[in-house]
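So you can see what is in the structure, the chains are spelled out below.
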Amino acid sequence: MSELDKQFHEAIVNVLLCVADDKLFLGHRNSDWTGIAPILEADIAFSSLAQDDIAHAGAFYELINSINGENPDQIAFGRNTSAYRCADIVTKDDEFNWANAIARQFYCNVYEYLRLQRLSNCTWSPLANLAKRIDAEQAIHVDHITTWMEHLGNGTEDSKERMQKALDDYAPYASMMFEAPRGIDTLFEGGILVNEGCLFTAWKDCVDNIVDGTGLTITVEPCTGDGGRTGNHDEDFTRSLNELQEVFNTDPLAAW
Amino acid sequence: MLSKARTNIPEATGDLTTPEVDSFPIWEVFTQKNIGDVHLHAGSLSAPDASLAQHFAREHYGQDQECTNMWVGLRETFIADEGNQESYEVFVQWKAGDRHQHVGSVDACCGCEAKAKCKEQFVGDKSFYTIWTAPISRLTKIDGDKDMIWRETTDQGYRLPRGYSRVVRQKWDALRAEQAVDTYQEEDLKETF
């Protein structure tokens, strides 16, 4: 199906914003490391992956544009705080602590991989095609971050301790990735998306499997309450948004 | 109005690198641009072990120079004379400053013999600058057919100077059309764009 019935527009745009906003802000925050990551090649790699995320976000904003005609730049940069749909883990300040950046990346990358896999089964073909394409690249992100988890978990006592602390500190934020996007049930009922069961359970199995053998443990609980996916953002997010909009706000109508 | 993103970067204390980081070995990376092309030396990088070297190579050399295959090995492996009886990939640098080029493989008992066989089988009377050899068992080969390497899937044009400048040029064309460029033309920016 290449045409999407109008009744599903609002819900699908909301789901797409969850993906695009997660990627835009994660890429934005990760690019803070450009030039200062702990080792040169990690710096290059992390920057490259951050660029990927921003390009992926762009592709999803374009898809939204194909539904509602809104300018992708306006969607990306021109909204109020409560209209963004990312989970606040993506903007959680890493305090320039590499373990924090790796923990955030690990939680988010595996989640994204599984989410895109599910979106690949969407019956609206433009989304299915895009999700399939981007998921192939997301697999590279997961592969990369898996190596980091293995190295830091199996490294020294110091690296293991720091990594575990970061995983624990980010655990409550990781829970909030699983807040269901508004309208997703409409898409399940309408046969647009396929309900493949609990995403949290699938994710937990996957992350546990990756850290198995590293001595690290994942203590993330299922999501409770309202958060970023329904527009309730914390201070770190607002700071990131202000930063991202700094230039855009000087002239919102400028052609970039 | 400048971004405050980095105002909270902790002050560096002590040495900027640790002895461990400084002593990471150097790895050499070879890439094949299209299926059937020879593998050419793409560059080197430093990494603590083979698995991170492979990941770093993929991001560092795989992104800007899209390719179908990538080989990564320790620099010392390529120049070593020692080794065991096995198959070696052999590479010739024809002139100083050229990139090493994969020319084939030989069976040999050590790096020294592999270099001699390479010379005999692939160089002959031609002049060359250096020969590198690497036991196949010590190369990490990333195969684009079955391993995850490249992002051929989304448009990565924005990463390239030409991708970027195309956009910039379009904008300048638009500006010129509006005659808005007059003031710039008085300056040397006309030369630049």
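Residues numbered from 1 in each chain as written. Chains lettered and ligands numbered in written order. Predicted model: local features only at pLDDT ≥ 70, side-chain atom pairs only at ≥ 80, totals over all residues. Heavy atoms only, no water.

Asks: What should I look at first to understand the packing of helix H1 (residues 9-30) of chain A against helix H4 (residues 98-119) of chain A in this one?
Replies: A pair of packed helices can be characterised by two numbers: the angle between their axes and the separation between those axes. All names here are of chain A. Axis separation between H1 and H4 bottoms out at 12 Å; the angle between their running directions is 150 degrees. The pairing of H1 with H4 is recorded here as roughly antiparallel in orientation. Classified by chirality, the crossing of H4 by H1 is left-handed. Packed against H1, whose contacting residues are Val15, Cys18, Val19, Asp22, Lys23, Leu26, Arg29 and Asn30, the element H4 presents Arg104, Gln105, Cys108, Asn109, Tyr111, Glu112, Arg115, Leu116 and Leu119 at the interface. The residue makeup of the contact of H1 with H4, split by class, is 8 nonpolar, 3 polar and 6 charged. (Axes fitted to C-alpha atoms, helices over the stretch in contact; angles between N-to-C directions. Helix = DSSP H or I, 4+ residues; strand = E, 2+ residues; numbered from the N terminus. Parallel < 35°, antiparallel > 145°, perpendicular 65-115°, else oblique. Left-handed = near helix turned anticlockwise from the far one by under 90°. Contact = heavy atoms within 4.5 Å. Nonpolar A, V, L, I, M, F, W, Y, C, P; charged D, E, K, R; others polar.)

Asks: For this particular structure, what's the right way to read the environment of Glu89(B)?
Replies: Residue and element names in this part refer to chain B. By secondary structure assignment, the location of Glu89 is in strand S4 (residues 86-93). Residue classification places Glu89 among the buried positions, given a relative accessible area of 5%. Counting along the chain gives 16 residues from Glu89 to Ser105, while the straight-line C-alpha distance between them is 4.4 Å. Engagement of the side chain of Glu89 in a polar contact is seen with the side chain of His102, the distance being 2.6 Å. Engagement of the side chain of Glu89 in a polar contact is seen with the side chain of Lys141, the distance being 2.6 Å. (Buried < 20%, exposed > 50% of the residue type's maximum accessible area, 1.4 Å probe, protein only. Polar contact = N/O pair within 3.5 Å; in protein donor to acceptor, adjacent residues only side chain to side chain.)

Asks: Quick question: what am I supposed to make of H1(A) here?
Replies: Every α-helix carries 3.6 residues per turn, so stepping three or four residues along brings you back to the same face. Along its 22 residues, H1(A) runs 31 Å from first to last C-alpha, staying within 8% of the 32 Å computed at 1.5 Å per residue. Most of H1(A) sits inside the fold, with 20 of its 22 residues counted as buried. (Expected span 1.5 Å × (residues − 1).)

Asks: When you look at the nonpolar core in this model, what are you seeing that I'm missing?
Replies: Soluble globular proteins tend to bury their nonpolar side chains together. All names here are of chain A. Membership of the largest hydrophobic core comes to 98 residues, with the highest contact counts inside it found for Ile12, Phe106, Tyr107, Leu127, Met163, Met177 and Trp203. When residues in this core are grouped by element, the largest group, 13 residues, is from H4. For Met163, the contacting residues outside a window of four places in its chain are Ala99, Ile102, Ala103, Met149, Leu152 and Leu216. (Core = buried A, V, L, I, M, F, W, Y, C linked by side-chain atoms within 4.5 Å.)

Asks: I tried to follow the pairing of S4(B) on my own but got confused; where do I start?
Replies: Where a strand is regular, its side chains alternate between the two sheet faces. All names here are of chain B. Counting buried positions along S4 yields 6 of 8 residues, so the element is predominantly enclosed. Bridge count for S4 against strand S5 (residues 101-108) is 7 bridges, and the pairing is antiparallel. Opposite Ser87, over in S5, you have Asp107 as the bridge partner. Where S4 and strand S6 (residues 130-135) come together, 6 bridges link them in antiparallel fashion. Within S6, the residue paired with Val92 across the bridge is Ile131. (Pairing = 2+ DSSP bridges.)

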